[in-house]
Structures are given as structure tokens and as C-alpha cells.
Amino acid sequence: MTDANLRFPPSFLWGAATAAYQIEGAVAEDGRTPSIWDTFSHTPGKVLGGDTGDVACDHFHRWRDDVRLMADLGIGAYRFSVSWPRVQPTGRGPAVQRGLDFYRALVDELLAHGITPMVTLYHWDLPQELESAFPSGSPAGGGWPERDTAYRFEEYAGIVAGALGDRVDLWATLNEPWCSAFLGYGSGVHAPGRADPAAALRAAHHLNLAHGLGVRALRAALPTRARVGVCLNPSAVRPLTSSAADLDARRRIDALANRVFTGPMLRGTYDDDLLADTARITDWSFVSDRDLAIAKQPLDFLGINYYSPAVVSASVGAAADSPRHDGHGAADHSPWPGADRVSFHRASGELTAMDWPVDPTGLKDLLLEYTAQAPGVPLFVTENGAAYDDKPGAGGQVHDPDRVRYLHGHLTAVHEALLEGADVRGYFLWSLLDNFEWSYGYSKRFGAVYVDYETQARTPKTSAQWYGKVAASGEVPPTVED
């Protein structure tokens with residue numbers, strides 16, 4: 001490390017990210033109907049403290065203030081998701097124009113403040129009707145394990161592109177399909193809360209199919225200048241030791257965490273080892289002719305979401321029944337179908353409030369790996385951040401030096417990856433605001449801006465001010481101070 005600031009390219013995009021259900025609230029306004037997360041959060045015992053996204057950060061009513069806040073901080077780009085049930089309440093048929101008008105106005109306000117919008121079409125809020133309204137006797141049980149959901153997503157993608165395509169140039173189809181498939185249908189810790197390993201694998205495939213169909217729908221509706229991609233959360237999987245058994249455990253988790261999506265999306269195939277590992281769970285007969293060709297669409301960018309690495313080993317005896325330190329919450333059911341004999345271990349280093357290790361090297365490794373896997377496809381870091389136990393001080397200020405250090409370390413890793421040849425075009429901090437953190441409710445604060453949920457007052461934390469200076473200058477200082 002030198003004493004000089006780390007300079008990023010002038011065109012590098014500095015942004016922040018949010019998701020609709022986590023911040024919008026207004027869950028029954030302007031024609032919006034329940035999503036699977038509304039249903040899940042209102043089911044007793046599913047979300048810590050019984051919290052729901054009914055109000056969240058009330059962004060639906062406070063969006064102008066939130067855009068102005070980003071502009072004041074110097075943030076140059078904003079990745080947000082569209083609420084599918086706000087736009088197309090039943091998941092099929094015509095759009096609700098009032099829902100689309102909300103996003104039209106939001107985008108116009110962003111552009112008026114010089115902030116580049118990036119739209120994510122799906123950040124986990126599937127219309128509840130698509131989960132529950134399939135014909136009786138369907139073997140998939142509705143939702144993403146049902147093939148038809150992918151075609152409903154294609155229609156929805158076309159609707160949103162038709163409404164916003166004249167003013168938005170950056171588009172992502174899905175956010176973290178691994179979580180949708182394996183936490184929603186495998187372990188059940190996310191909505192819709194099902195625990196069926198075969199359904200999780202079906203869901204993963206239909207999310208791949210939906211991505212490909214969505215890319216085609218976007219390209220048909222958008223001007224040629226638009227750039228279309230997807231936001232994945234690939235895992236930096238590391239073996240505990242160099243033993244053959246631990247290396248095989250790493251291979252098995254890499255297939256389930258990473259290659260189950262990058263295989264179809266980047267190469268148009270499911271790898272043979274993935275199919276063999278899961279053969280006792282499913283025969284993959286739900287993969288129809290041409291599905292993989294549809295999933296493999298040319299991409300203008302690949303979004304990488306990263307928080308911490310995974311450390312795995314082969315498990316024997318009592319170790320097979322020990323808690324999984326995989327970062328995805330305690331559950332009676334595993335989100336790793338076909339990987340029953342794999343143990344997860346907590347990586348070394350300091351921990352965030354999520355009990356996740358802080359290890360920027362995993363981000364650098366992923367950026368270099370995916371530069372090699374997808375040559376010619378630019379990368380964005382579309383999520384990176386940390387939860388800490390932030391509290392206002394006596395003067396009302398929120399000092400969060402741990403988050404500043406976290407961001408400094410990870411931005412340094414991005415810069416190192418750039419110097420080693422990674423084609424990284426931008427970085428989106430997770431998250432702009434403290435918000436509804438899924439099954440953790442409001443107990444975890446990821447925001448650079450503190451939200452008082454009683455008054456909805458916003459207070460930029462020290463990290464927001466620090467990140468704003470980085471975004472404005474394009475330079476990361478060599479050290480940080482408490």
C-alpha cells in the first residue's frame with residue numbers, strides 16, 4: 001500500500017442499492033396486492049420480532065427526499081428494484097398504470113439530479129397469486145418451481161421495459177436467484193418458506209429460464225443503447241484443507257452456489273457433476289428442449305454481489321449434524337440439496353452484526369474469476385456492505401467506523417482486481433438505507449443512512465459521508481481513521 005489515493009477510472013459508476021419490499025412500504029396502495037414476502041412476513045414465527053414490510057422505510061411516500069439525500073451525498077447511481085405486484089398485481093395480464101407511474105416519477109427525479117438509474121426487475125417479491133393460484137395437482141406447487149412462472153416473468157419484463165425504457169439504460173433481470181431458489185424453496189428461511197430440495201432445483205432452473213426470457217423481452221422493448229445483465233451472488237468457496245475430501249466438498253458447493261446459474265447463463269449447460277450430485281433428488285426432466293439455449297443470452301454486464309467467503313470441508317460422524325456456518329441463518333432444512341456430507345466453517349477475521357466474516361480477498365478473487373469466465377463481459381459490484389449495531393450518539397450523529405473500514409477494505413480489493421485486469425465498471429453500496437432485512441426484520445442495519453423507524457427520520461452515518469467523498473472524487477484514501 002502506498003501513501004497515494006487509489007484512483008478509479010473517471011467513468012467508474014459509484015452507486016447505492018435498495019430493494020422494493022425492503023424500503024417501499026405502502027403494500028396495499030394504488031392496486032398493489034400481496035407478494036410472497038407479505039404473506040411470509042405475516043406468518044407467525046417466520047420473521048424475527050414479527051416484523052413486516054408494511055411500512056418499512058416508507059420510501060413510497062418519501063422517494064423525493066431519498067433522491068435528494070443521494071444527490072446531497074454525491075452518489076452517482078441508484079440500483080432499485082421494481083415491485084412486481086405493484087405493477088402487475090396478479091402476475092399476469094395488464095399493468096396497473098399507477099404502479100408504473102411511481103417508477104416513472106422516481107426515474108425522472110433521479111435523472112433530474114444527475115443520478116444514473118439501474119432497474120432490477122426481480123428482487124424476491126413474487127406476486128402471491130403466482131405462488132398459490134396454479135391448477136390443483138400441479139407437481140411443482142406453484143411459484144418458481146412451476147415452469148409457467150418463467151413465462152409470466154417474460155411478460156412482466158416487457159411491461160416494465162415499455163414503461164421505463166426511454167429513460168433507463170441499465171437493466172438487471174434477477175437479483176440473487178440462488179436465494180430465491182434455495183432459501184425460498186430449500187431451507188425455507190425466505191419466502192415462500194417451502195422446504196423441498198427437488199422444488200429448489202426446479203426453481204433454480206426456472207429462474208435461469210426466466211432470466212433468458214427476460215433478456216429477450218428487454219432487448220425487444222429497449223433501445224439499442226440499453227445494457228442488460230443479471231445480479232448473482234456467487235460464493236467464494238474455499239476448502240478447509242487441501243485434502244481430496246475437502247476439495248470435493250468445495251467442488252460440490254461450487255456447483256450448487258455458482259455453476260447452477262453460471263452454467264446455463266454463460267455456457268448454456270448444467271455441468272455433469274451437478275446433475276450427478278443431485279440425481280437422487282431429481283432426474284432434471286423439467287429441463288425442456290431449448291431451455292438452456294434460451295437461458296444463455298448475450299450479456300452486457302454481470303453483477304456480482306459479495307459479503308463474505310464460504311469455507312467448507314467433508315463432514316463425517318457428528319460433524320455432519322453440526323450447525324452450518326454458511327451465513328444463511330439457522331434452519332431445520334438445508335439449502336444445499338445433495339450436499340448432506342459437507343460442513344461449513346466460519347472464516348477467520350472480525351465479524352459483522354450478521355456474524356459474517358470480513359474478508360475483502362473473496363471479492364477480489366470473484367472479480368478476477370468472472371473476468372476469466374465471461375471474457376468481454378464487464379462487471380459491476382452490485383451489492384457489497386455490512387450490518388453493524390449502529391446507534392445515534394448524544395448529538396444525534398451516527399458514527400460507524402467499522403463500516404468505513406469495511407468499505408475501505410473492499411474498495412481496495414476492487415482496485416487491486418482492476419489493476420490485475422478485471423473489467424469492473426462500477427460499485428453499488430448495500431444499502432442506501434437501513435431497511436427490512438428479510439427474516440431478520442429490522443434487527444440488522446446495513447444502511448449508510450440511519451432510519452428511525454418510529455419517525456422515519458433519515459440520518460447519514462459517517463460511512464455515508466465517507467462514501468460520498470469517494471464517489472465525488474473517484475479516489476479512495478490510503479487509510480481510514482476512527
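Residues numbered from 1 in each chain as written. Predicted model: local features only at pLDDT ≥ 70, side-chain atom pairs only at ≥ 80, totals over all residues. Heavy atoms only, no water.

Per an unreviewed UniProt entry, the chain carries the name Beta-glucosidase and comes from Streptomyces lasiicapitis. As stated in UniProt under Catalytic activity (unreviewed entry), the record for the chain gives "Hydrolysis of terminal, non-reducing beta-D-glucosyl residues with release of beta-D-glucose." According to UniProt, the comment filed for the chain under the heading Sequence similarities (unreviewed entry) is "Belongs to the glycosyl hydrolase 1 family." (UniProt positions renumbered as here; feature names shortened; annotations may be inferred.)

**Student:** Describe the environment of D277, with residues and values.
**Tutor:** On the secondary structure map, D277 appears in helix α11 (residues 272-277). With relative accessibility at 14%, the residue D277 sits in the buried group. At 2.9 Å, the side chain of D277 and the side chain of R251 are in polar contact. (Helix = DSSP H or I, 4+ residues; strand = E, 2+ residues; numbered from the N terminus. Buried < 20%, exposed > 50% of the residue type's maximum accessible area, 1.4 Å probe, protein only. Polar contact = N/O pair within 3.5 Å; in protein donor to acceptor, adjacent residues only side chain to side chain.)

**Student:** Before we move on, could you go through the pattern of salt bridges and cite the residues and values that matter?
**Tutor:** Where charged atoms from two side chains of opposite charge come close, those side chains can pair. Tallied over the full model, the rule gives 40 salt bridges. We note a salt bridge from R251 to D277, for which the minimum N-O separation is 2.9 Å. Note that R251 is positioned in helix α10 (residues 244-267) and D277 in helix α11, a separation of 26 residues in sequence. Residue classification places R251 among the partly exposed residues on the basis of a relative accessible area of 22%. Of the charged contacts in the structure, one is a salt bridge between R259 and D273, with a shortest N-O distance of 2.8 Å. Taken together, the residues span a long stretch of sequence, with R259 in helix α10 and D273 in helix α11 at a distance of 14 residues. Classification of R259 as buried rests on a relative accessible area of 15%. (Salt bridge = Lys/Arg side-chain N within 4 Å of Asp/Glu carboxyl O.)

**Student:** Explain the layout of surface pockets to me, using residue names and the numbers behind them.
**Tutor:** One number sums up the size of the second largest pocket: a volume of about 200 Å³. Taken together, F40, G45, K46, L48, G188, V189, G329, A330, S439 and Y440 form the lining of the second largest pocket. Looking at the lining of the second largest pocket, its residues break down into five nonpolar, four polar and one charged. (1 Å grid on protein atoms, 1.4 Å probe; cavity = no way out; pocket = protein on both sides within 12 Å on 5 of 7 lines; lining within 4 Å. Points joined across faces, edges and corners; volume = space filled by probe spheres on them. Nonpolar A, V, L, I, M, F, W, Y, C, P; charged D, E, K, R; others polar.)

**Student:** Help me get a handle on the sheet that holds strand β10 (residues 342-345), residues and values and all.
**Tutor:** Spatially, the three strands line up as an open sheet ordered β7-β9-β10, and their pairing is mixed. Of all the strands in the sheet, just β7 (237-239) and β10 have a single pairing partner and so form its edges. Averaged over all pairs of adjacent strands, the angle between their axes in this sheet comes to 40°, without regard to strand direction. The pairing of β7 with strand β9 (residues 310-314) spans three bridges and is parallel. For V237, the partnering residue across the bridge sits in β9 and is A310. Here α10 sits on the sheet in contact with β7, β9 and β10, set at roughly 130° to β9. (Pairing = 2+ DSSP bridges. Axes fitted to C-alpha atoms, helices over the stretch in contact; angles between N-to-C directions. Contact = heavy atoms within 4.5 Å.)

**Student:** Explain the UniProt feature "active site" (unreviewed entry) in the chain to me, and be specific about the residues and the numbers.
**Tutor:** Following the UniProt record, one finds the feature "active site" (unreviewed entry) at E383. Mapping E383 onto the fold places it in strand β11 (residues 379-383). E383 gets classed as buried once you look at its relative accessible area, which sits at 3%. Once residues lying within four places of it in the same chain are set aside, the contact partners of E383 are R79, H123, N175, E176, I304, N305, Y306, Y307, F428 and W430. Engagement of the side chain of E383 in a polar contact is seen with the side chain of R79, the distance being 3.0 Å.

**Student:** Lay out unusual backbone geometry with the relevant residues and their values.
**Tutor:** Here the amide bond leading from A191 into P192 is cis, since omega sits at 10°, within 30 degrees of zero. Structurally, the position occupied by P192 is in the loop between α8 (177-187) and α9 (197-221). Of note, the amide linkage connecting W430 to S431 takes the cis form, showing an omega dihedral of 5°. Among the secondary structure elements, S431 is positioned in the loop between β12 (424-430) and β13 (449-451). The backbone of D58 shows a phi angle near 55°, a positive value even though the residue is not glycine. Along the chain, the position of D58 falls in the loop between α2 (36-41) and α3 (59-73). For D58, a relative accessible area of 13% translates into the label buried. Even without being a glycine, E176 presents a positive backbone phi close to 45°. With respect to the helices and strands, the residue E176 is situated in the loop between β5 (170-175) and α8.

**Student:** Which residues make up the pairing of strand β4 (residues 116-122), and what are the values?
**Tutor:** Here β4 lies mainly inside the structure; six of its seven residues are buried. In this sheet, β4 lies alongside strand β3 (residues 77-81) in parallel orientation, the contact comprising five bridges. Note that in β4 the partner of R79 across the bridge is M118. Note: β4 against β5, four bridges, orientation parallel. Paired with M118 across the two strands is L170, which belongs to β5.

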